[in-house]
Amino acid sequence: MMMPFKRQALVEFEDTEFSKKCVTFASNEPVYIAGQQAFFNYSTSKRITRPANTEDPSGGNKVLLLSIQNPLYPITVPTRLNVIRNDNDSWDYSKPYLSRRDRGKGRQRQAILGDHPSSYRYDGYGNHGPLLPLPNRYRMGSRDTPELVSYPLPQTSSSYIHGGPPIGSVAMVSGLHQEKMNCSRVFNLFCLYGNIEKVKFMKTIPGTALVEMGDEYAVERAVTHLNNVKVFGKRLNVCVSKQHSVVPSQIFELEDGTSSYKDFAMSKNNRFTSAGQASKNIIQPPSCVLHYYNVPLCMEESIFQKLCEDHQVPKFIKYKVFDAKPSSKTLSGLLEWETKTEAVEALTVLNHYQIRVPNGSNPYTLKLCFSTSSHL
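Predicted model only: the values in this text are computed from it and were never measured.

**A closer look at the nonpolar core**
Logical step 1: Phe190, Ile196, Phe201 and Leu366 are the most contacted members of the largest nonpolar core, which totals 55 residues.
Logical step 2: With six residues, helix 7 (residues 340-350) is the largest single contributor of residues to this core.
Logical step 3: Excluding residues within four positions of it along the chain, Phe190 makes contact with Val173, Ile196, Val211, Met213, Ala222, Leu226 and Val238.

In structure tokens form, the structure reads like this:
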């Protein structure tokens, strides 16, 4: 019985001895059919059964045979299929942005904010880069949402300027404090430089985590700005991982009781999921001044101080609130710490903290990022 589109067939012999002879012979002497080597092995089927009514499309067998060749990871049941790219061999219909292009011997996933132009020029963080198109997934369908976004990338990227080999979309982060760092806090820090898909701490290497980001340019931005940054007394080492994606395997419990793996693909706290959001993000290196926004109108300096005290992070030394418009429902402003390290630790812990207001229906999500101001 031929299996259409699978390049396979089932052959039923009269006796088991005949099938053994066939498999033994093919394993010792290669068999070629129409110039292609054929492979023979035993089937799990005991008999070849013909559908009851071959003319009726609904009368066919409802069982699919999946033959997976050269698997990248062990396949077990039950499990979740890990599709890392959309091409002729695999496709994840829930993630159309996984499309990749062939570049030399490797493959590279499509950038969330579009492919990087080879003629890209950048004169510093104050100037905007070229207009980059958004893939379909991040076009929200609104007429008010532009399909192009002016988005700056770091000047230090030699691979962009000189046409070097493309990097991957997974970053490896070592030097993480084992008691104070978890998946959510890694997300709080890395989300400033691109969307976060998954975070997984490695069981075999304590204090090390893999961070799968939305595209390779987000990884390079994270490496550029977060490598060698000191957090909780330990210096981070951020580099590009050889992994194509983060696989949820060997999940264990971290020191604080949280899971070593977390999926952030659908998180509302990702800041680059639309053209409007992406255009508001100013890529900045860590500094001692944080910009805060999306806090309730009742938020005061004393509440911020209490927040730092409750979460055991250093207190800020200066506080500034921006004048809000009469129609505004939230406040924004600046917080300055004595050192850059203290500001990084505060952002890592307090970013995306849920602020609840008495008699309020929904909490406010505190948003933090590094400011363009060096001092208040």
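**Examining helix 3 (residues 183-190)**
An α-helical segment advances 3.6 residues per turn. Residues three or four places apart therefore align on the same side.
Logical step 1: When you tally the buried positions in helix 3, you get six out of eight residues, the bulk of the element.
Logical step 2: Capping the start of helix 3, Asn182 holds a side-chain oxygen 3.2 Å from the backbone nitrogen of Ser184, two or three residues further along.

**Some details on the sheet that holds strand 18 (residues 330-336)**
Logical step 1: Strand order in the open sheet made by the four strands is 17-18-16-21, with antiparallel pairing throughout. Of all the strands in the sheet, the pair left with one neighbour each is strand 17 (318-321) and strand 21 (367-370). Taken pair by pair, the neighbouring strands of this sheet meet at an average axis angle of 20 degrees, ignoring direction.
Logical step 2: Direction of pairing for strand 16 (residues 289-296) relative to strand 18: antiparallel, over a ladder of six bridges. Pairing of His291 across the sheet is with Leu334, part of strand 18.
Logical step 3: Set on the sheet, helix 7 makes contact with strand 16 and strand 21; between it and strand 21 the angle comes to about 150 degrees.

**Regarding the environment of Ile84**
Logical step 1: Checked against the element boundaries, Ile84 lands in the loop between strand 4 (36-38) and strand 5 (100-103).
Logical step 2: Ile84 gets classed as buried once you look at its relative accessible area, which sits at 6%.
Logical step 3: Here the alpha-carbon distance between Ile84 and Val246, two residues 162 residues apart in the chain, equals 9.2 Å.

**Description of the packing of helix 3 against helix 7**
In a pair of packed helices, the angle between the axes and the distance between the axes together describe the arrangement.
Logical step 1: Relative to each other, helix 3 and helix 7 sit at 120 degrees, their axes nearing to 7 Å. Classified by the interaxial angle, the pair formed by helix 3 and helix 7 is oblique. In this structure, the crossing between helix 3 and helix 7 has a hand that is right-handed. Across from Arg185, Asn188 and Leu189 in helix 3, the residues of helix 7 making contact are Val344, Leu347, Thr348 and Val349.
Logical step 2: In terms of residue class, the contact of helix 3 with helix 7 is made up of four nonpolar, two polar and one charged.

Thresholds applied
Residues numbered from 1 in each chain as written. Predicted model: local features only at pLDDT ≥ 70, side-chain atom pairs only at ≥ 80, totals over all residues. Heavy atoms only, no water. Core = buried A, V, L, I, M, F, W, Y, C linked by side-chain atoms within 4.5 Å. Buried < 20%, exposed > 50% of the residue type's maximum accessible area, 1.4 Å probe, protein only. Helix = DSSP H or I, 4+ residues; strand = E, 2+ residues; numbered from the N terminus. Contact = heavy atoms within 4.5 Å. Polar contact = N/O pair within 3.5 Å; in protein donor to acceptor, adjacent residues only side chain to side chain. Pairing = 2+ DSSP bridges. Axes fitted to C-alpha atoms, helices over the stretch in contact; angles between N-to-C directions. Parallel < 35°, antiparallel > 145°, perpendicular 65-115°, else oblique. Left-handed = near helix turned anticlockwise from the far one by under 90°. Nonpolar A, V, L, I, M, F, W, Y, C, P; charged D, E, K, R; others polar.

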